[in-house]
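Per-entry structural report
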Amino acid sequence: MNDWEKLSKRLRIVNWGLLLILVAASSLSMFPAFTAGLAAGGLLSIANFSALGRSVVSAFGIYGADKAGKVSIIFKFYMRLALVGILIFILVGTSLVNPIGLAIGLSIVVINIIVLGIVRACNFSSREAI
Amino acid sequence: MSRKRLIGIFSAALLLSSATMAFAAGDPQVQSAGLWVFFGIAIACGFGIGVAALGTGLGMGNAINGALQGTARNPEAGGKIMTTMIIGLALIESLCIYALVICFILVFKIPDMGALFQQIIK
């Protein structure tokens, strides 16, 4: 298992855990549209992150992308962006979800990465001190 | 924050709120003011998402450039560099998604669009 697979597995687990905790807390204390926004944003950001990881690994991996693969990688990249845009448009435009909840849900991966970075920096500095 | 900037922010907020409230009144002058607000929001959204996309593109390009140069110089570190790059790309891309969400909020949530279109149809 290489570095990316290890980190990706860890990030995936923490992402889902964080999403479940936030949705559970929100369903107990907030109104339904906010919880729906949180869940939709979280699912969208997790799916987007895993698709981004997959496309970058296939484009810049050890074997690189062959000529036929390059077109499909670029196509998939733009399709992913378009899909995210359309889904956010539908969610916000039809007032299905609360936009603040959606923004918090979309931040799940970012929060997770920042926390991971802080934890790694703390571990590194404590190792340096020893 | 400077005094001029504060006054600017307050006057913009006042204009927005007064225009939204006045749609209900049906005053033609205020309707045109509302249309100006809508026009301003459309311009702001267009420029906002454009600037966000520009920044995201520059950031992602810079990150990929650095990562590829690092991998070319030290191929053994390629795995670690790519892992860090993917994380960086996710962080950069999220900024553009936030800008998109804010644009949609501006367009769909801030002005009372239903009332605005009804006034225009009338």
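So, a few notes on the structure that sits alongside this text. It should be emphasised that the depicted structure is a prediction, and the values quoted were computed from it without experimental measurement.

Rules of the game
- Residues numbered from 1 in each chain as written.
- Chains lettered and ligands numbered in written order.
- Predicted model: local features only at pLDDT ≥ 70, side-chain atom pairs only at ≥ 80, totals over all residues.
- Helix = DSSP H or I, 4+ residues; strand = E, 2+ residues; numbered from the N terminus.
- Buried ≥ 20, exposed ≤ 12 C-beta atoms within 10 Å, placed from the backbone.
- Contact = placed C-beta atoms within 7 Å.
- Nonpolar A, V, L, I, M, F, W, Y, C, P; charged D, E, K, R; others polar.
- Axes fitted to C-alpha atoms, helices over the stretch in contact; angles between N-to-C directions.
- Parallel < 35°, antiparallel > 145°, perpendicular 65-115°, else oblique.
- Left-handed = near helix turned anticlockwise from the far one by under 90°.

Across its full length, chain B holds 4 helices and 0 strands. Overall, chain B shows an N-to-C arrangement of helices and strands of α-α-α-α. Taking all 122 residues of chain B together, 18% fall into the buried category. Within chain B, counting contacts between residues at least 6 apart in sequence, those at least 24 apart form 70% of the total.

Another aspect to go through is unusual backbone geometry. Residues and elements named next belong to chain A. One non-glycine residue, S95, adopts positive backbone phi at about 55 degrees. Considering the arrangement of structural elements, one finds S95 in the loop between α3 (67-93) and α4 (99-106). The exposure class assigned to S95 is exposed, which follows from the 11 C-beta atoms found within 10 Å.

Taken together, the 20 residues of chain B in the interface contact 22 residues of chain A. Within the side of chain B that touches chain A, the residues separate by chemical class into 14 nonpolar, 3 polar and 3 charged.

What follows deals with the packing of helix α2 (residues 32-60) of chain A against helix α3 (residues 78-108) of chain B. When two helices pack together, you describe them by how their axes are tilted relative to each other and by the distance separating the axes. Their axes nearest at 10 Å, the elements α2(A) and α3(B) cross at an angle of 135 degrees. Of the possible angle classes, the one that applies to α2(A) and α3(B) is oblique. Considering the relative orientation of α2(A) and α3(B), their crossing is right-handed. In contact with F49(A), L52(A), G53(A), V56(A) and F60(A) of α2(A), α3(B) contributes M82(B), M85(B), I86(B), L89(B), A90(B) and E93(B). The residue makeup of the contact of α2(A) with α3(B), split by class, is 9 nonpolar, 1 polar and 1 charged.

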